[in-house]
Amino acid sequence: MAAKLNPYLQFNGDARQALEFYQSVLGGELTLNTYGQFGQADGPSADKIMHGNLITQLGFTLMAADAPPDMATQPGSNFSISISGEAADADALRGYFVKLAEGGQVHVPLEKQMWGDEFGMCTDRHGINWMVDISG
């Protein structure tokens, strides 16, 4: 699979409703994973969406999540651009992350996460939020 570039939206607790709405508009297959499924079963956000993925018949990909309780979101700036790919593209993906973070701010270092992928988040020098994910 080749690396992909797509939008990633952040919500304040209504990611499920938003993604179900987008699916009703665009069609496609929707996959939802909650925080509870990834080790936070007793937390206040257990039923909130940690990662949602909508892939349409035309090949559009839209990803979204509910922001963790300690992360504020503002409508209009509640999105990131996601670059994701397989281990075969890992060197290129790591290079993108390093270059995007240069002169910006790293929020999550690009490193192995609890779900098995290498993942990082940064804001580039122009104020754009980026996520890089390398499948584990």
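Residues numbered from 1 in each chain as written. Predicted model: local features only at pLDDT ≥ 70, side-chain atom pairs only at ≥ 80, totals over all residues. Heavy atoms only, no water.

S.K.: Just to check I follow, could you spell out the domain arrangement of the protein for this structure?
M.R.: One frequent convention defines the size of an interface as the accessible area lost when the parts assemble. Domain parsing of the protein yields domain 1 (8–66) and domain 2 (81–134). Using C-alpha coordinates to define each centre, domain 1 is positioned 20 Å away from domain 2. With 6 residues of domain 1 at the interface, the matching set in domain 2 holds 5 residues. On the domain 1 side of the interface with domain 2, the three residues burying the most area are Tyr8, Phe38 and Met50, jointly 73% of the side's total. Taken together, domain 1 and domain 2 are joined by 0 salt bridges. Between the two partners, domain 1 and domain 2, sit 0 residue pairs in polar contact (both at pLDDT 80 or more). Split into classes, the residues belonging to the side of domain 1 that touches domain 2 amount to 4 nonpolar, 2 polar and no charged. (Domains from an automatic or database assignment. Contact = heavy atoms within 4.5 Å. Buried area = accessible area lost by both parts, 1.4 Å probe. Salt bridge = Lys/Arg side-chain N within 4 Å of Asp/Glu carboxyl O. Polar contact = N/O pair within 3.5 Å; in protein donor to acceptor, adjacent residues only side chain to side chain. Nonpolar A, V, L, I, M, F, W, Y, C, P; charged D, E, K, R; others polar.)

S.K.: Is there a simple way to explain the sheet that holds strand S7 (residues 118–123) in this structure?
M.R.: Taken in spatial order, the 8 strands make up an open sheet running S2-S3-S4-S1-S5-S8-S7-S6, and their pairing is mixed. Only two strands of the sheet have a single partner each, and these edge strands are strand S2 (29–34) and strand S6 (105–112). Neighbouring strand axes in the sheet, compared pairwise and without regard to direction, differ in orientation by 20° on average. As paired elements, S2 and strand S3 (residues 49–55) share 6 bridges and run antiparallel to each other. (Pairing = 2+ DSSP bridges. Helix = DSSP H or I, 4+ residues; strand = E, 2+ residues; numbered from the N terminus. Axes fitted to C-alpha atoms, helices over the stretch in contact; angles between N-to-C directions.)

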